[in-house]
Structures are given as C-alpha cells and as structure tokens.
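Residue-level listing of the chains:
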Amino acid sequence: MKFFITGTKRGLGSALMDYYGNCNSLVDCDVFINCKHDGFEQVELLYKAAELNKRIINIGSNSPDQDKKTPHKYQVEKFALDKANEQLFYQGVNTTIIRFGYFDSPRVEHINTNKMSIDYCCSIVHWVLNQPHRIKDITICP
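Residues numbered from 1 in each chain as written. Predicted model: local features only at pLDDT ≥ 70, side-chain atom pairs only at ≥ 80, totals over all residues. Heavy atoms only, no water.

1. A word on the confidence of the model for the protein
Thinking step 1. On average, residues of the protein carry a pLDDT of 88, and 87% of them reach 70 or more.
Thinking step 2. The secondary structure element of the protein with the lowest average pLDDT is helix α3 (residues 73–90), at 91, and the one with the highest is strand β1 (residues 3–5), at 98. (pLDDT = per-residue confidence, 0-100. Helix = DSSP H or I, 4+ residues; strand = E, 2+ residues; numbered from the N terminus.)

2. Topic: the packing of helix α2 (residues 41–51) against α3
Thinking step 1. Taken N-terminus to C-terminus, the directions of α2 and α3 make an angle of 15°; their axes are 9 Å apart at the nearest point. One finds that α2 runs roughly parallel with respect to α3. Handedness of the α2/α3 crossing: right-handed. Of α3, the residues touching α2 (which contributes Gln42, Val43, Leu46, Tyr47 and Ala50) are Glu77, Lys78, Ala80, Leu81, Ala84, Asn85, Gln87 and Leu88.
Thinking step 2. A class-by-class count of the residues in the contact of α2 with α3 yields eight nonpolar, three polar and two charged. (Axes fitted to C-alpha atoms, helices over the stretch in contact; angles between N-to-C directions. Parallel < 35°, antiparallel > 145°, perpendicular 65-115°, else oblique. Left-handed = near helix turned anticlockwise from the far one by under 90°. Contact = heavy atoms within 4.5 Å. Nonpolar A, V, L, I, M, F, W, Y, C, P; charged D, E, K, R; others polar.)

3. With respect to the sheet that holds strand β4 (residues 95–100)
Thinking step 1. Taken together, the five strands give an open sheet; going across it, the order is β1-β2-β3-β4-β5, and neighbouring strands pair in parallel fashion. The open sheet is flanked by β1 and β5 (137–140), the only strands paired with a single partner. Mean inter-strand twist for the sheet, computed between neighbouring axes without regard to direction, equals 15°.
Thinking step 2. Bridge count for strand β2 (residues 31–34) against strand β3 (residues 55–61) is four bridges, and the pairing is parallel. Counted as the bridge partner of Ile33 is Ile57 from β3.
Thinking step 3. Sheet strands touched by helix α1 (residues 11–20): β1, β2, β3 and β4. Its angle to β1, the strand with the most contacts, is close to 165°. (Pairing = 2+ DSSP bridges.)

4. Here's the deal with the side chain of Asn85
Thinking step 1. By the secondary structure assignment, Asn85 is in helix α3.
Thinking step 2. Here the side chain of Asn85 touches Thr96 through a polar contact of 3.5 Å, landing on its backbone nitrogen.
Thinking step 3. Once residues lying within four places of it in the same chain are set aside, the contact partners of Asn85 are Leu46, Asn58, Thr95, Thr96, Ile97 and Lys136. (Polar contact = N/O pair within 3.5 Å; in protein donor to acceptor, adjacent residues only side chain to side chain.)

Given below as structure tokens:
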C-alpha cells in the first residue's frame with residue numbers, strides 16, 4: 001500500500017512519513033494522509049483525493065471547539081475541513097478526520113499543558129486505518 005502524506009517537514013507528518021513512507025503524488029497513492037495545515041488547502045486536497053477515490057485520513061484539530069468566543073483563522077480553516085469530511089463521508093467517500101488535542105510537536109512547544117506523544121498519535125492513525133468499517137471522525141485529547 002502506498003501513502004501520500006502532506007506536512008512531512010516536522011511533527012506528526014514527519015513521523016507518519018517515517019512509518020509509512022511517502023510516494024510522490026496524490027495520483028500514485030492508495031491512502032492520502034492530509035496532515036499539512038496551509039489555509040484552506042487541506043480542504044482542496046481532500047476534494048481532489050475524493051475525486052480520485054482514495055482512502056483519506058484528515059488530521060483535524062480539537063481547537064474549533066475550544067474557544068468559540070475568540071475564533072482564529074486556524075479554527076475556521078480546521079472547521080471547514082471537518083465539515084468537508086462530513087459531507088464527503090455521507091456521500092460514501094472513505095474519509096476520516098482525526099481531531100487531536102495538543103500533541104508534542106514544534107508548533108505547540110510554547111504551550112505548557114499536557115500533550116500526547118507523536119508516537120501515540122501515529123498509533124491512532126494506524127488504528128483507524130486497520131478498522132474493518134468506515135470511521136467518520138474521532139477526537140483524541142490528552
């Protein structure tokens with residue numbers, strides 16, 4: 001099985017690439033792990049992968065549910081990914097969004113709170129991929 005993983009320069013994407021490898025394009029993969037946050041690009045890539053009939057794992061965020069009084073652009077972009085995943089799932093696409101709380105990565109090293117390990121997050125992705133039935137979404141928090 002071939003994987004195409006975005007966001008592989010550091011953090012979770014890098015760890016997933018070390019575990020699964022990474023082919024060169026969305027067209028060549030069997031499984032697309034949509035890990036890189038880059039504005040609404042995650043949503044665009046999700047729709048492209050769905051058109052290509054790929055198995056999709058979206059790395060979402062628990063942040064859209066945290067501080068609704070002062071939303072940030074990041075929260076809105078991750079919320080859009082969440083809703084696109086839901087829409088496609090109910091259209092029969094094999095897509096899952098995993099909403100992680102804080103995990104130990106360079107992006108949140110400045111935050112002093114309990115965090116999950118990158119290895120634990122990888123194990124959740126692996127678990128989802130090995131289930132016999134489709135999973136629409138899952139939220140994991142420390």
